[in-house]
Amino acid sequence: MSTEEEKKKRAITARRQHLKSVMLQIAATELEREATAREQEKANYLAEHCPPLHLPNSMQELQELCKKLHGKIEQVDEERYDTEVKLQKTTKELEDLSQKLFDLRGKFKRPPLRRVRMSADAMLRALLGSKHKVCMDLRANLKQVKKEDTEKEKDLRDVVDWRKNIEEKSGMEGRKKMFEGGE
């Protein structure tokens, strides 16, 4: 059974490879057709819009040809300028309409904000102008608060390291001191 299965798998892979090669051949011919069609369209467009140039023999005919070409160049430049102006108008209208749309929906497009590091004095100078010299010392108006010691802090200060007194409290002398001292 294993040889039959292997033969089937080989046949299937061979068929796949054959189909791939056929598909690649068809795609290659299609690409060639598209390339020739593009070349033909290009040639037709150039023949229609750019007639072949015939140079005249006399100087006067050459000057007339130059004048015609300059006239065509000016016409194309005018058309280009008109289309650019029209494009700018339409983009401006689009921006205005999109802004109105955002306003109507209630969703406002937030502009990207930059972080500005400014002192309070620099901010006041920017707001009031350079004529007014205002010095704002924010710390001058703060209350002075004395720090009161809490009981926990006192206890922490009074606690002594237990390792220092371990030798004093060891043995009979240490116990005698505890009774006498009342520790």
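This section reports on the structure supplied with the text. (Residues numbered from 1 in each chain as written. Predicted model: local features only at pLDDT ≥ 70, side-chain atom pairs only at ≥ 80, totals over all residues. Heavy atoms only, no water.)

## A few points about the overall build of the protein
Per the secondary structure count, the protein includes six helices and zero strands. Along the protein, helices and strands appear, N-terminal first, in the series α-α-α-α-α-α. Taken over 183 residues, the protein has a buried fraction of 1%. Within the structure as shown, the protein displays about 19,400 Å² of accessible surface, and the carbon and sulfur contribution to it stands at 56%. (Helix = DSSP H or I, 4+ residues; strand = E, 2+ residues; numbered from the N terminus. Buried < 20%, exposed > 50% of the residue type's maximum accessible area, 1.4 Å probe, protein only. Areas by Shrake-Rupley, 256 points an atom, 1.4 Å probe, with all protein chains shown as cover.)

## Concerning the pattern of salt bridges
For the structure on display, the rule yields five salt bridges. Here R80 makes a salt bridge to D77, at a shortest N to O gap of 3.7 Å. Taken as a pair, R80 and D77 lie in helix α2 (residues 59-105) at a separation of three residues, close to a single helical turn. Notably, a salt bridge pairs E84 with R80, separated by 3.2 Å at the nearest N-O pair. Here R80 and E84 lie together in helix α2, a separation of four residues that amounts to about one turn. A relative accessible area of 38% means that E84 is categorised as partly exposed. Using a relative accessible area of 44% as the deciding quantity, one classes R80 as partly exposed. Within this structure, D77, R80 and E84 form a network of salt bridges that share partners. (Salt bridge = Lys/Arg side-chain N within 4 Å of Asp/Glu carboxyl O.)

## Re a negative patch on the surface
A grouping of E74, E78, E79 and D82 is seen on the molecular surface, where their side chains present a negatively charged patch. Residue position: E78 is located in helix α2. (Patch = residues over 30% accessible without salt bridge, like charges linked within 9 Å, V, L, I, M, F, W, Y side chains within 5 Å. Lys, Arg positive; Asp, Glu negative; His and termini not counted. Charge placed at Lys NZ, Arg CZ, Asp CG, Glu CD.)

## Topic: α2
A rise of 1.5 Å per residue sets the reference length of α2, with its 47 residues, at 69 Å; its end C-alpha atoms lie 69 Å apart and thus fit the reference within 8%. Its side-chain oxygen placed 3.4 Å from the backbone nitrogen of E61, S58 serves as the N-cap of α2. Note on α2: the residue one or two positions beyond its end, G106, has a positive phi of about 90°. (Expected span 1.5 Å × (residues − 1). Polar contact = N/O pair within 3.5 Å; in protein donor to acceptor, adjacent residues only side chain to side chain.)

## Looking at a nonpolar patch on the surface
A contiguous nonpolar patch, built from L53, L55, M59, L62 and L69 and spanning about 510 Å² of accessible area, is present on the exposed surface. Here L53 shows up in the loop between α1 (2-49) and α2.

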